[in-house]
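Chain by chain, the residues:
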Amino acid sequence: MATETGAPVLSARHVVRHFGGLYAVNDVSFDVRKGEILGLIGPNGAGKTTMFDLLAGSLPPSGGDIVLGGASVAGESAHRRIGRGLGRTFQIPRPLANLSLLENVMLARQGQTGESLLANFLHPFRVVAEEKAAEEKAGELLELVSLSRLAHEPARVLSGGQRKLLELARVMMADPAIILLDEPAAGVNATLLEVIMDRIREINALGVTFLLIEHNIDMVTRLCHRVLVMASGQLICEGTATEVARDPRVIEAYLGGAA
Ligand SMILES: Nc1ncnc2c1ncn2[C@@H]1O[C@H](COP(=O)(O)OP(=O)(O)OP(=O)(O)O)[C@@H](O)[C@H]1O
Ligand SMILES: [Mg+2]
């Protein structure tokens, strides 16, 4: 279980993002503490995915700052942030359908020597050794997410739930310190959901911090040490899953959204 005192690994500081006149994220500040599994919930259109895009660097903020591992990264590309230990999965995973699971995972590694033509020429043995090491690591990650049986199958054979597990293995390939998961339970059957939750717990026990967006409240309650609630672009509440579920502001936000 994460401690309340974990230092922040990722912080949003007065983050704003507007699309024309629509403030999708409006002055949001929070810390993700080292070692915790933090939930981010809220009604449709609350600004959760936009917040992820801002944290991961796929969208520039209109204002405010993002601090990752103690450094301001608001002006850095998504790629640079991956290099700093931030991993992110997408709401709709799009693996390369005709490549094997193993190849899909291997492609997610960072900064291999073989990426450079010159290095291929100067250090062919190092490149071969790195390839072998990467293949081994990808194989171990597929085992971690219970997909090793399908390692050599093309990714197109996977179910929606299995694609989410493949995403988790892909993201782990870059050795992230923190992983942002966008709706890991959406479209996943109950059995696979248990597998996904077990894997998140195991990876968390290895020291990886999580921030996850999820509409499945049962999953949030069972998995998250702490929960943030967004509505209409703002952070309206934070606490344990039980605390936020009975907060009048949260109830109002969900009822308002349903009306
Ligand atoms: N690229 C964009 N251009 C214009 N408006 C956008 C854009 N992206 C998001 N929005 C708007 O910003 C608001 C927040 O959207 P966002 O996708 O962040 O919500 P969400 O909390 O992730 O919702 P859901 O639970 O349905 O996924 C919505 O009103 C949405 O229509
Ligand atoms: Mg969303």
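Rules behind the numbers
Residues numbered from 1 in each chain as written. Chains lettered and ligands numbered in written order. Predicted model: local features only at pLDDT ≥ 70, side-chain atom pairs only at ≥ 80, totals over all residues. Heavy atoms only, no water. Patch = residues over 30% accessible without salt bridge, like charges linked within 9 Å, V, L, I, M, F, W, Y side chains within 5 Å. Areas by Shrake-Rupley, 256 points an atom, 1.4 Å probe, with all protein chains shown as cover. Salt bridge = Lys/Arg side-chain N within 4 Å of Asp/Glu carboxyl O. Lys, Arg positive; Asp, Glu negative; His and termini not counted. Charge placed at Lys NZ, Arg CZ, Asp CG, Glu CD. Helix = DSSP H or I, 4+ residues; strand = E, 2+ residues; numbered from the N terminus. Near = heavy atom within 4 Å. Polar contact = N/O pair within 3.5 Å; in protein donor to acceptor, adjacent residues only side chain to side chain. Nonpolar A, V, L, I, M, F, W, Y, C, P; charged D, E, K, R; others polar. Buried < 20%, exposed > 50% of the residue type's maximum accessible area, 1.4 Å probe, protein only. Contact = heavy atoms within 4.5 Å. Core = buried A, V, L, I, M, F, W, Y, C linked by side-chain atoms within 4.5 Å. Domains from an automatic or database assignment.

### With respect to a negative patch on the surface
Line of reasoning, step 1. On the surface, Glu-103, Glu-135, Glu-136, Glu-140 and Glu-143 cluster together into a patch of negative charge.
Line of reasoning, step 2. Position of Glu-143 relative to the elements: it lies in helix H5 (residues 124–144).

### A short note on the site of ligand 1
Line of reasoning, step 1. Lining the immediate surroundings of ligand 1 are 13 residues, of which Asn-44, Gly-45, Lys-48, Thr-50 and His-215 lie closest.
Line of reasoning, step 2. For ligand 1, an oxygen atom lies 2.8 Å from a polar atom in the side chain of Asn-44.
Line of reasoning, step 3. Between an oxygen atom of ligand 1 and a side-chain N or O atom of Thr-50, the distance comes to 2.6 Å.
Line of reasoning, step 4. Look at ligand 1: alone it shows 640 Å² of surface, and the protein chains cover 60% of it.
Line of reasoning, step 5. Broken down by secondary-structure element, the contributors of at least two residues to the shell around ligand 1 are strand S2 (22–33) and helix H1 (48–56).
Line of reasoning, step 6. When grouped by side-chain class, the residues that make up the shell around ligand 1 number 5 nonpolar, 6 polar and 2 charged.

### What about H1?
Line of reasoning, step 1. Counting buried residues along H1, 8 of its 9 residues qualify, which places the element largely inside the surrounding structure.
Line of reasoning, step 2. Among the residues of H1, Lys-48, Thr-50, Met-51, Phe-52, Asp-53, Leu-54, Leu-55 and Ala-56 are the ones counted as buried.
Line of reasoning, step 3. Gly-57, located one to two residues past H1, shows a positive phi value of around 95 degrees.

### A short note on the environment of Ser-62
Line of reasoning, step 1. If you trace the backbone, Ser-62 turns up in the loop between H1 and strand S4 (63–68).
Line of reasoning, step 2. Residue Ser-62 is classed as partly exposed on the basis of its relative accessible area, which comes to 40%.
Line of reasoning, step 3. With residues near it in sequence (within four places) discarded, Ser-62 still touches Val-16, Arg-17 and His-18.
Line of reasoning, step 4. At a separation of 3.0 Å, a polar atom in the side chain of Ser-62 contacts the main-chain amide nitrogen of His-18.

### Some thoughts on the nonpolar core
Grouped burial of nonpolar side chains is what soluble globular proteins tend to show.
Line of reasoning, step 1. Core analysis: the biggest nonpolar cluster contains 50 residues, and Leu-101, Val-105, Leu-142, Leu-147, Leu-166, Ile-200 and Phe-210 have the highest contact counts within it.
Line of reasoning, step 2. For this core, the two domains that each supply at least three residues are domain 1 (8–95 + 174–258) and domain 2 (96–157).
Line of reasoning, step 3. Apart from residues lying up to four places away in sequence, Leu-101 is in contact with Leu-142, Leu-147, Leu-150, Ala-151, Glu-153, Pro-154, Ala-155, Leu-158 and Leu-166.
Line of reasoning, step 4. If you look at the next biggest cluster of nonpolar residues, it comprises 28 residues, including Val-32, Phe-52, Ile-66 and Met-230.

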